[in-house]
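Residue-level structural notes
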Amino acid sequence: MNRLCFLLLVFCGSTLSASAQKNFKYKAPLQKIDSTGFYRIALQPALVAKAKANLSDIRVADARGNFVPYIQAGSLPQKSQKSFLVFPEIANHAAADTGTTFTIENKTGLALNRLWIRLQNTAVKRKVSLLGSDDLSQWFAIQEDIPLQEAVQNSEGTYLQSLFFPASNYRYLKILVNDKNKSPVRFLQAGVYTEYVSAAQAYTPVTPVKVVRADSNRATYVDIRLNDHYQVNRLHFNISAPKYYKRAVSVYQFVNSGKELISEAELSSVKTPDLLIAAKSNHLLIEISNGDNPPLSIGEVTAFQSDEYLISYLEAKQHYQLLAGDSLAVAPEYDLKFFTDSIKDNIPAIKHAAVVKNDAYKVKATEEKPDRTPLIWAAIVAALGLLLFLTLKMTKEVKKKEGLE
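Bear in mind the structure is a predicted one, so any value in this text is a computation, not a measurement.

What about the sheet that holds strand E13 (residues 172-177)?
Paired through backbone hydrogen bonds, the strands of a sheet run either parallel or antiparallel to each other. The sheet built from five strands is open, its strands ordered E7-E8-E13-E10-E11 with antiparallel pairing. Unpaired on one side and paired on the other, strand E7 (89-90) and strand E11 (140-147) mark the two borders of the sheet. Taken together, the five bridges between strand E8 (residues 101-105) and E13 define a ladder with antiparallel strand orientation. Across the sheet, residue Ile104 finds its bridge partner in E13, namely Leu173.

Following this line, the structure appears as structure tokens:
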């Protein structure tokens, strides 16, 4: 009896796991590891390009098709509270906002890729969006649909959560909560750990980059084409002349609805000729305002993605792969987020192999076969029904035996 129950449960679990994997268009095998433990999984630009902008559709799967829990690297707690820099809150509640907002000023003036928020203890489920602005008037999306974590049991009454997002250098940051007519959550503080502010952000090049430049009367246009919808967080310009310059720059990305402004910045001879942006696109346009000055002499333009990592507990000698490309997937919520204290600071990093099409998805998407999903569920229901029947039968036999005694 126990063996039959076990086999039925294994069948149901295997069927559901295999069915879930068919929703992902792409996969990338992970390198095999020699020892069991936590690992940082580096997400290469080719995989991030196939995923949703907020990476909510990325999954780690084992050889049996089961999803393995992970957290984003920016969710790790920090040991030192003394190095925490609190950003001042700005009273700015625009009428267009449709939920709770918490607006702060980035006093560092540097590009940030993570933000720590302190909340009053809460056990509700909410999602937030992070927006940026330089003038408190025009706001631009940085990251959307970030799930708020639930508070763990503690005696302080507050808890910290990190928001991890593409590097951005906006002066003001707004956290917008999608309350959906529910009671609001309470934000207390937001800030950064100073060791992260001073540390240099790591980037991975995005290639190839095709650049076409055009000079008009008072502006220079740099048209940038990529061969996929890469995540671009930094653009580096090789500028050889003039010796002194300071030009206003507007960055646009092309979407289905047309051209969309995503950032306004400047290129200056007193700073590194870089633009820090947050875009996921295959087509960007840079507009440089020259005024009465001669155009900049621009050579190569290089695109970069800020390094992205997942942290997961992996078994030695096992086969794992990353899955991506499910447009309907939402960010998973794993218990691992409650055990981040178990993760050491310096854990080994591993990479994934080339991104390829998921064969399971390809068969499902291209072959004109009848949908067998109802049959699968019918088999599961039948199996559960058989299990219930055998359980009831066994219960009756036990009661009958007890009555005879």
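Here's the deal with the side chain of Gln161
Within the element layout of this structure, Gln161 appears in strand E12 (residues 158-168). Contacts of Gln161, omitting those with residues within four sequence positions, involve Leu115, Trp116, Ile117, Pro147, Leu148 and Gln149.

A word on unusual backbone geometry
At the junction of Thr207 and Pro208, the peptide bond is cis and its omega measures out at -5° in the coordinates. One can find Pro208 in the loop between strand E15 (203-206) and strand E16 (209-215). With omega at -5°, the peptide bond leading from Ala241 into Pro242 counts as cis. Of note, Pro242 is situated in the loop between strand E17 (219-241) and strand E18 (246-255).

Here we look at the packing of aromatic side chains
Summed over the entire model, instances satisfying the criterion amount to six aromatic pairs. In this structure, Arg234 packs its charged tip against the face of Tyr203, placed 5.3 Å from the ring centre. When the ring centre of Tyr252 is taken as origin, the NZ or CZ atom of Lys259, which lies over that ring, is 4.5 Å away.

Topic: the layout of surface pockets
By volume, the second largest pocket is sized at about 770 Å³. Lining the second largest pocket are 33 residues, and of these Lys52, Ala53, Asn54, Glu144 and Lys280 lie nearest its centre. Contributing elements (two or more residues each) for the lining of the second largest pocket: helix H2 (45-50), E11, E12, E17, strand E19 (258-268) and strand E20 (274-289). When residues in the lining of the second largest pocket are grouped by element, the largest group, six residues, is from E11. Split by residue class, the lining of the second largest pocket holds 15 nonpolar, nine polar and nine charged.

Here's the deal with the nonpolar core
Counting residues in each nonpolar core, the largest one holds 30 residues, and the members touching the most others are Leu30, Ile41, Leu43, Ile58, Val60 and Leu314. The set of elements that each furnish at least two residues to this core consists of strand E2 (37-43), H2, strand E5 (70-72), strand E22 (308-314) and strand E23 (320-324). The element contributing the most residues to this core is E2, with five residues. For Leu314, the residues in contact, after removing those within four places along its chain, are Leu30, Ile33, Ser35, Thr36, Gly37, Tyr39, Val60, Val68, Tyr320 and Ile350.

What to know about the confidence of the model for the chain
Per-residue pLDDT for the chain has a mean of 82; in total, 82% of the residues score no lower than 70. Every residue in residues 4-16 scores below 50 in pLDDT, and together they form ten contacts with partners more than four places removed in sequence or on other chains. Overall, residues 364-368 carries pLDDT values under 50, and its contacts beyond four positions in sequence, including any with other chains, amount to three contacts.

Points about the sheet that holds strand E24 (residues 349-350)
Across the sheet, which stays open at both edges, the four strands sit in the order E5-E22-E2-E24 with mixed pairing between neighbours. Every other strand in the sheet has two partners, leaving E5 and E24 as the edge strands with one partner each. In terms of strand pairing, E2 meets E24 through two bridges, oriented parallel. In the sheet register, Arg40 faces E24, and the bridge partner there is Ala349.

Notes on empty space enclosed by the protein
One pass over the structure, following the stated rule, counts two cavities of 30 Å³ or more. Approximately 50 Å³ is the volume found for the second largest cavity. Around the second largest cavity sit Ala53, Leu55, Gln72, Gln143, Phe164, Phe165, Pro166, Gln231 and Glu308, which together line it. Taken together, the residues of the lining of the second largest cavity sort by class into five nonpolar, three polar and one charged.

A few points about the pattern of salt bridges
Under the criterion given, the structure shown has nine salt bridges. Where Asp215 meets Arg213, a salt bridge forms, and the shortest distance between an N and an O atom there is 3.1 Å. For Lys271, the salt bridge identified is with Glu266, shortest N-O distance 3.4 Å.

Thoughts on the side chain of Arg59
With respect to the secondary-structure elements, Arg59 resides in strand E3 (residues 59-62). Buried charge Arg59 goes without a salt bridge, the closest partner of opposite sign being Asp57 at 6.3 Å. Side-chain polar atoms of Arg59 contact the backbone oxygen of Ser56, separated by 2.7 Å. Polar contacts involving the side chain of Arg59 include one to the main-chain carbonyl oxygen of Val330, which spans 2.8 Å. If near-sequence neighbours (up to four positions away) are discounted, Arg59 is found in contact with Phe24, Phe67, Tyr70, Gln321, Leu322, Leu323, Ala329, Val330, Pro332 and Tyr334.

With respect to the environment of Ile58
Counting through the fold element by element, Ile58 comes out in the loop between H2 and E3. Classification of Ile58 as buried rests on a relative accessible area of 0%. Residues Ile58 and Val48 lie ten residues apart in sequence; the distance between their C-alpha atoms is 8.7 Å.

Quick look at the pairing of strand E1 (residues 26-29)
Pairing analysis gives two bridges linking E1 to strand E25 (residues 356-357), with the strands arranged antiparallel. Looking at the pairing, Lys27 lines up with Val356 of E25.

Remarks on the environment of Trp139
Looking at where Trp139 falls in the secondary structure, it is placed in the loop between strand E10 (127-133) and E11. Residue Trp139 is classed as buried on the basis of its relative accessible area, which comes to 17%. With 33 residues separating them in the primary sequence, Trp139 and Tyr172 have C-alpha atoms 9.1 Å apart.

About the criteria used
Residues numbered from 1 in each chain as written. Predicted model: local features only at pLDDT ≥ 70, side-chain atom pairs only at ≥ 80, totals over all residues. Heavy atoms only, no water. Pairing = 2+ DSSP bridges. Helix = DSSP H or I, 4+ residues; strand = E, 2+ residues; numbered from the N terminus. Contact = heavy atoms within 4.5 Å. Phe/Tyr/Trp six-rings, centres within 6.5 Å; stacked < 30°, edge-to-face > 60°. Lys NZ or Arg CZ within 6 Å of the ring centre and 35° of its normal. 1 Å grid on protein atoms, 1.4 Å probe; cavity = no way out; pocket = protein on both sides within 12 Å on 5 of 7 lines; lining within 4 Å. Points joined across faces, edges and corners; volume = space filled by probe spheres on them. Nonpolar A, V, L, I, M, F, W, Y, C, P; charged D, E, K, R; others polar. Core = buried A, V, L, I, M, F, W, Y, C linked by side-chain atoms within 4.5 Å. Buried < 20%, exposed > 50% of the residue type's maximum accessible area, 1.4 Å probe, protein only. pLDDT = per-residue confidence, 0-100. Salt bridge = Lys/Arg side-chain N within 4 Å of Asp/Glu carboxyl O. Lys, Arg positive; Asp, Glu negative; His and termini not counted. Polar contact = N/O pair within 3.5 Å; in protein donor to acceptor, adjacent residues only side chain to side chain.

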